[in-house]
Amino acid sequence: MKKLFLITAVLFSTLSLAQDLEWDSSKSFDVVFDIDSASTVDGEDWQMAISGQAGPYGMAYGSITFSNFSTDETQGEYFGYFFTQVQDKLFRGTTNGVWKKEDGKFKSIAMDNDKVGGLINLVTGSWDLVNRKVNFSVSPVKE
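Our subject in this report is the structure included herewith. (Residues numbered from 1 in each chain as written. Predicted model: local features only at pLDDT ≥ 70, side-chain atom pairs only at ≥ 80, totals over all residues. Heavy atoms only, no water.)

Moving on, we get to the pattern of salt bridges. Under the counting rule described, the total for this entry stands at one salt bridge. Across the pair Asp 34 and Lys 133 runs a salt bridge, and its minimum N-O distance is 2.3 Å. Here Lys 133 lies in strand β8 (residues 133-140) and Asp 34 lies in strand β1 (residues 29-39), a separation of 99 residues in the sequence. (Salt bridge = Lys/Arg side-chain N within 4 Å of Asp/Glu carboxyl O. Helix = DSSP H or I, 4+ residues; strand = E, 2+ residues; numbered from the N terminus.)

See the structure below:
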């Protein structure tokens, strides 16, 4: 009986505490970035420089660090920084997400923080290291 109660309590609390995450599909856009370089200083974490046109954010440059705290070579986490400019307006942002190796590519999902525009974006990606391309779908999260 205690196990049944515990399972019910866990399921109920998970469902009741879950947040509805909504994004504004009318402001969504796709991005294709080039992987400009990749390097490591410790053989564990990898840094990548990426660049490309980022929809309404103009030309974007990013520095992404892939890490793997669980030493599992098929998935891990990443964080990074972006800088963009549209005419005289500058945008800076951060990204934090997770990655998983799937079918020869790396799939990712992240939350990006546009520090200038005050937006949070939900970003899904596909990293093709062989062809040096990254495809992102970006959607602003509704408040």
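Let's pick the thread back up.
Within this model, the largest pocket holds a volume of roughly 370 Å³. Counting only elements with at least two residues in the lining of the largest pocket, the list comes to β2 (46-53) and β3 (59-67). Here the lining of the largest pocket is built from residues that sort into eight nonpolar, four polar and two charged. (1 Å grid on protein atoms, 1.4 Å probe; cavity = no way out; pocket = protein on both sides within 12 Å on 5 of 7 lines; lining within 4 Å. Points joined across faces, edges and corners; volume = space filled by probe spheres on them. Nonpolar A, V, L, I, M, F, W, Y, C, P; charged D, E, K, R; others polar.)

A few words on the side chain of Ser 126. Of note, Ser 126 is situated in strand β7 (residues 119-128). Looking at Ser 126, the relative accessible area reads 13%, which means it is buried. (Buried < 20%, exposed > 50% of the residue type's maximum accessible area, 1.4 Å probe, protein only.)

With that settled, consider the nonpolar core. Residues Phe 33, Ile 50, Trp 127 and Phe 136 are the most contacted members of the largest nonpolar core, which totals 22 residues. For this core, the secondary structure elements donating two or more residues are β1, β2, β3, β4 (75-86), β5 (89-102), β6 (105-114), β7 and β8. A total of four residues in this core trace back to one element, the largest contributor, which is β1. (Core = buried A, V, L, I, M, F, W, Y, C linked by side-chain atoms within 4.5 Å.)

Although it is not a glycine, Gln 87 adopts a positive phi angle of roughly 50°. A relative accessible area of 72% places Gln 87 in the exposed class. The backbone of Asp 103 shows a phi angle near 55°, a positive value even though the residue is not glycine. Summarising the element assignment, Asp 103 is placed in the loop between β5 and β6. We classify Asp 103 as exposed; its relative accessible area is 76%.

With that out of the way, let us pick up the packing of aromatic side chains. In total, this model carries nine aromatic pairs according to the counting rule given. On the basis of an interplanar angle of 45° and a centroid distance of 6.3 Å, the ring pair of Phe 33 and Phe 82 is categorised as tilted. Of this pair, Phe 33 sits in strand β1 while Phe 82 sits in strand β4, placing them 49 residues apart in sequence. For the residue pair Phe 33 and Phe 82, the accessibility class agrees, reading buried in each case. (Phe/Tyr/Trp six-rings, centres within 6.5 Å; stacked < 30°, edge-to-face > 60°.)

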